[in-house]
Amino acid sequence: MKFSNYPITDEVKRGVEGLGFKKPTDIQFKSIPAILNGEDVLGIAQTGTGKTAAFAIPLVHKVQTSSIKGRKDGVRCLIMVPTRELAQQIQGVFNKVAKYTTVKTYAITGGVDQDPQIDKLDKGVDILITTPGRMFDLISQGYLSLHRVNTLVLDEADRMLDLGFYKDIQDVLKRLPKKRQTLFFSATINPKIKKLAYSLVNNAIRIQISPNDPVSKNVNHFVSSIDMDDKRFFLENLIHKNEDKKIMVFVRTQVRAERVAAAMERVGIDSLIIHGGKEQKERNQALKKFKEGEVNLLIATDVSARGVDVPGVELVVNYDLPDVAENYVHRIGRTGRGNHKGDALSFASKGEMELLLAIEQFL
Ligand code: ADP
Ligand code: MG
């Protein structure tokens, strides 16, 4: 089935065309009709398979055709995500889908001045994408109210329902109307979190599970046994052998990110860094330079493991293995997105063998 045959408005079809999509991916094929139908959806599909558009397309259509007019009295759709970069990226997709409609989408995240955000909310926003922190700031100051929200989306749902965020989500739920549509999307979900997700929705939830394997089919996996002290030399060599490729390197901590970047600098290799200790402005700049190919090496912590969609990343290096096995899936999912292929190489030292085993078991 082509997007042109979907029961969505012509304006939304034009927006989708502008994204260059012709046919829906599997998760889009399964979720779009269910979401249009008003059902609650738990959408689980591998990294890079188009989950964003799976909810963006039907939601823009629904807001555009809604009988409730005027947006001054509040946001209709609330999309919650774990990181600022992801919020901005999802806003980009919504803006393209909604380009020929009057639907207004906006992302509010922390780390930047709140005044422009308050102005925007004041003018009226239909679909709001947020990270929890700034959203609660604005609610407590009285600039944002959620009583009109009829659709809640948790992207990277298992992360959002994780301990650190769970209380926030419960607070949000208390503020929403009882009658609403709830959508969860992720590449990974464990049975415990799945149960939690079920407990948050009233009506039976539809599950769209891709094969039990959460790993993107488009990624080739490699692991090398490398002593901790030798990792930097292997990385240097790897970068020289892949000079023209966009490479993402994941490390375990912020300090490690700085150290690896410094080690690369000493041997004349330029890199960008993203981690939670950086100013938001620097994080945005780094991502922009990486996207535009100004610098082809990005060193990151797990803050960038989820959701980030930079076209053309051909190689992901796990310089340190992730502490949490499921993060492996998210990290390596930064390559092999859409129809592209990618490689993932993990550097495993002797001390990391247990982590490696945990990853292998998880997969
Ligand atoms: P996920 O959230 O599942 O990890 P994204 O929504 O970030 O994946 O999409 C991954 C990539 O696939 C994006 O670059 C997006 O533009 C592309 N994509 C999504 N849907 C389609 C489609 N129907 N046809 C072609 N490319 C698509
Ligand atoms: Mg995603």
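Keep in mind it's a predicted model, so treat the numbers as computed, not measured.

S.K.: Hey, could you run me through the site of ligand 1 in this one?
M.R.: Near ligand 1 you find 16 residues, and of these Lys23, Gly48, Thr52, Asp309 and Arg337 are the closest. Within the contact set of ligand 1, a nitrogen atom lies 2.8 Å away from a side-chain nitrogen or oxygen of glutamine 28. Here threonine 52 contributes a side-chain N or O atom positioned 2.7 Å from an oxygen atom of ligand 1. Taking 570 Å² as the accessible area of ligand 1 by itself, protein coverage stands at 81%. Classifying every residue of the shell around ligand 1 gives three nonpolar, nine polar and four charged.

S.K.: What is the right way to read the pairing of strand β9 (residues 246–250) from this model?
M.R.: For a regular strand, the rule is simple: side chains alternate between the two faces of the sheet. Burial runs high along β9: five of the five residues are buried. Side chains Lys246, Met248 and Phe250 project from β9 onto one buried face, and the interleaved Ile247 and Val249 project onto a second face that is buried too. Alignment of β9 against strand β12 (residues 313–318), held across five bridges, turns out to be parallel. The residue of β12 that forms the bridge with phenylalanine 250 is asparagine 318. Across four bridges, β9 lies against strand β11 (residues 297–300) in parallel orientation. Note on β11: the bridge partner recorded for valine 249 is isoleucine 299.

S.K.: Honestly, the nonpolar core in this entry has me stumped. Any pointers?
M.R.: Generally speaking, nonpolar side chains in soluble globular proteins are found buried as a group. Of all hydrophobic cores here, the largest spans 37 residues; its most connected members are Phe55, Ile57, Phe94 and Phe185. At the level of secondary structure, the elements contributing two or more residues to this core comprise α1 (10–18), α2 (26–36), α3 (51–65), β2 (77–80), α4 (84–97), β4 (127–130) and β6 (181–186). If one sorts the elements of this core by residue count, α3 sits on top with eight residues. With residues up to four places along the chain from it excluded, the contact list for phenylalanine 94 reads Phe55, Ala56, Leu59, Val60, Ile79, Thr105, Ile127 and Ile129. Counting residues in hydrophobic clusters, the runner-up holds 36 residues, among them Phe136, Val149, Met160 and Val172.

S.K.: What exactly am I supposed to notice about a negative patch on the surface here?
M.R.: Residues Asp113, Asp115, Asp119 and Asp122 make up a contiguous surface patch of negative charge. Among the secondary structure elements, aspartate 113 is positioned in the loop between β3 (105–108) and α5 (115–123).

S.K.: Before we go on, may I ask you to explain α4 in this structure?
M.R.: For an α-helix the count is 3.6 residues per turn, leaving residues at separations of three or four pointing the same way. Relative to the 20 Å expected for 14 residues at 1.5 Å per residue, α4 spans 20 Å between its end C-alpha atoms, a close match to the ideal helical length. Here α4 has its buried residues at Glu85, Leu86, Ala87, Gln89, Ile90, Gln91, Val93, Phe94 and Val97.

S.K.: Quick question: what am I supposed to make of the pattern of salt bridges here?
M.R.: A pair can form between side chains of opposite charge whenever their charged atoms are brought close. Under the definition given, this model contains 18 salt bridges. One salt bridge in this structure joins aspartate 171 and lysine 174, with 3.5 Å as the shortest N-O distance. In this pair, aspartate 171 and lysine 174 are both assigned in helix α8 (residues 163–175), three residues apart and thus about one turn of the helix distant. Looking at aspartate 171, the relative accessible area reads 22%, which means it is partly exposed. Across the salt bridge formed by glutamate 282 and lysine 278, the nearest N and O atoms sit 3.9 Å from each other.

About the criteria used
- Residues numbered from 1 in each chain as written.
- Chains lettered and ligands numbered in written order.
- Predicted model: local features only at pLDDT ≥ 70, side-chain atom pairs only at ≥ 80, totals over all residues.
- Heavy atoms only, no water.
- Near = heavy atom within 4 Å.
- Polar contact = N/O pair within 3.5 Å; in protein donor to acceptor, adjacent residues only side chain to side chain.
- Areas by Shrake-Rupley, 256 points an atom, 1.4 Å probe, with all protein chains shown as cover.
- Nonpolar A, V, L, I, M, F, W, Y, C, P; charged D, E, K, R; others polar.
- Buried < 20%, exposed > 50% of the residue type's maximum accessible area, 1.4 Å probe, protein only.
- Helix = DSSP H or I, 4+ residues; strand = E, 2+ residues; numbered from the N terminus.
- Pairing = 2+ DSSP bridges.
- Core = buried A, V, L, I, M, F, W, Y, C linked by side-chain atoms within 4.5 Å.
- Contact = heavy atoms within 4.5 Å.
- Patch = residues over 30% accessible without salt bridge, like charges linked within 9 Å, V, L, I, M, F, W, Y side chains within 5 Å.
- Salt bridge = Lys/Arg side-chain N within 4 Å of Asp/Glu carboxyl O.
- Lys, Arg positive; Asp, Glu negative; His and termini not counted.
- Charge placed at Lys NZ, Arg CZ, Asp CG, Glu CD.
- Expected span 1.5 Å × (residues − 1).

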